[in-house]
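A structural walkthrough
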Amino acid sequence: MSDWSIRHFDKDDLKAVMSINQTCLPENYPESFFMGLYHHAPLAFLVAESDDQIVGYIMCRIERGVSSFSRLPVKKGHVVSIAVRPEYRNNGIGTALVTRGLEAMKQYGASEAFLEVRKTNKDAISVYERLGFSVRRVLRGYYRDGEDAYLMVKSFLVARGEKTDDA
Ligand SMILES: CC(C)(COP(=O)(O)OP(=O)(O)OC[C@H]1O[C@@H](n2cnc3c(N)ncnc32)[C@H](O)[C@@H]1OP(=O)(O)O)[C@@H](O)C(=O)NCCC(=O)NCCS
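What you see is a predicted model, and the numbers here were worked out from it, not measured in a lab.

Look at Asp51: it is not a glycine, yet its phi comes out positive at around 50°. The topology assignment puts Asp51 in the loop between β2 (45–50) and β3 (53–66). Residues other than glycine seldom take positive phi values, yet Arg71 does so here, at roughly 70°. Of note, Arg71 is situated in the loop between β3 and β4 (73–84).

Okay, here's the thing in structure tokens:
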């Protein structure tokens, strides 16, 4: 496995990111969707590079809504899409992308993060759980093909006496 690194998305990366999205996920979007997220929260749109090419990405949105933890109005970071090319998986890239995405969300003032993931997507769920996300509820028929999603949430606030984590 070659070295890899994480950096902010640049608009020249658009084609590569869209190609990874189309290869790795059934949820695909037009260019305007990717660029809209980039302009909305550039620090939270990250790519992974290895072998002089883009091999993964994460893009996030900052939203206002009711806290999953306190029921108070808060800013939340939403992991909209993440993928790593199959041949580069299981090397820590996905974990690093999520970790850096969470850090960016905090920079935008978010106090918690959430995401949707297919109930059968064990690889992704495992990464999210290791990073402190937990399943909050099932979103029945969330995906176009009818599959259910788990809504997973993570608070950035540290309870007294709890050790701080890396994200
Ligand atoms: C989910 C996804 C992004 C994870 O990416 P990844 O780069 O494989 O993630 P990581 O390498 O950080 O973690 C995957 C596993 O590799 C392990 N790993 C991490 N670094 C490793 C290393 N250096 N050597 C060996 N294994 C390693 C991790 O422990 C993890 O295993 P576990 O979760 O079973 O404990 C990737 O599977 C993917 O793109 N899936 C398709 C798209 C998708 O489903 N996106 C999510 C939609 S919600």
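This part is about the sheet that holds strand β5 (residues 112–118). Pairing within the open sheet is mixed, and its seven strands lie in the order β1-β2-β3-β4-β5-β7-β6. With one partner strand each, in any of the chains shown, β1 (4–8) and β6 (134–139) form the two edges of the open sheet. Averaged over neighbouring strand pairs, the angle between their axes works out to 25° when direction is ignored. Where β6 lies against strand β7 (residues 149–155), five bridges are found, and the strand directions are antiparallel. Looking at β7, one finds that Arg137 is bridged to Leu151. Sheet strands touched by helix α2 (residues 31–40): β2, β3 and β4. Its angle to β3, the strand with the most contacts, is close to 65°. Contacts from helix α4 (residues 122–130) reach β5, β6 and β7 within the one sheet, and its direction differs from that of β5 by about 160°.

Close to the ligand lie 19 residues; Arg89, Gly92, Gly94, Thr95 and Ser126 are nearest. Secondary-structure elements contributing two or more residues to the shell around the ligand are β4, α3 (93–107) and α4. The greatest single-element share of the shell around the ligand, amounting to five residues, is contributed by α4.

Under the 1.5 Å per step criterion, the end-to-end length of α3 is 21 Å for 15 residues, consistent within 8% with the ideal 21 Å. Within α3, the full set of buried residues consists of Ile93, Gly94, Leu97, Val98, Gly101, Leu102, Ala104 and Met105. Those residues of α3 that are buried lie in contact with β1, β2, β3, β4, β5 and α4. Looking at the residues trailing α3, positive phi occurs at Gly109, about 95°.

Turning our attention to the nonpolar core. Tyr57, Ile58, Met59, Cys60 and Val79 are the most contacted members of the largest nonpolar core, which has 38 residues in total. The contacts of Met59, once residues within four sequence positions are left out, are Phe34, Leu37, Phe45, Val80 and Ser81.

Here we come to the environment of Tyr143. Secondary-structure assignment places Tyr143 in the loop between β6 and β7. When the C-alpha positions of Tyr143 and Arg118 are compared, they lie 8.0 Å apart, and in sequence the two are 25 residues distant. Dropping the residues within four chain positions of it, Tyr143 is found in contact with Arg118 and Ala149.

Basis of the calculations
Residues numbered from 1 in each chain as written. Predicted model: local features only at pLDDT ≥ 70, side-chain atom pairs only at ≥ 80, totals over all residues. Helix = DSSP H or I, 4+ residues; strand = E, 2+ residues; numbered from the N terminus. Pairing = 2+ DSSP bridges. Axes fitted to C-alpha atoms, helices over the stretch in contact; angles between N-to-C directions. Contact = placed C-beta atoms within 7 Å. Near = placed C-beta within 6 Å. Expected span 1.5 Å × (residues − 1). Buried ≥ 20, exposed ≤ 12 C-beta atoms within 10 Å, placed from the backbone. Core = buried A, V, L, I, M, F, W, Y, C linked by C-beta atoms within 7 Å.

So, to be careful, I would describe these as geometric facts and stop short of saying anything about function.
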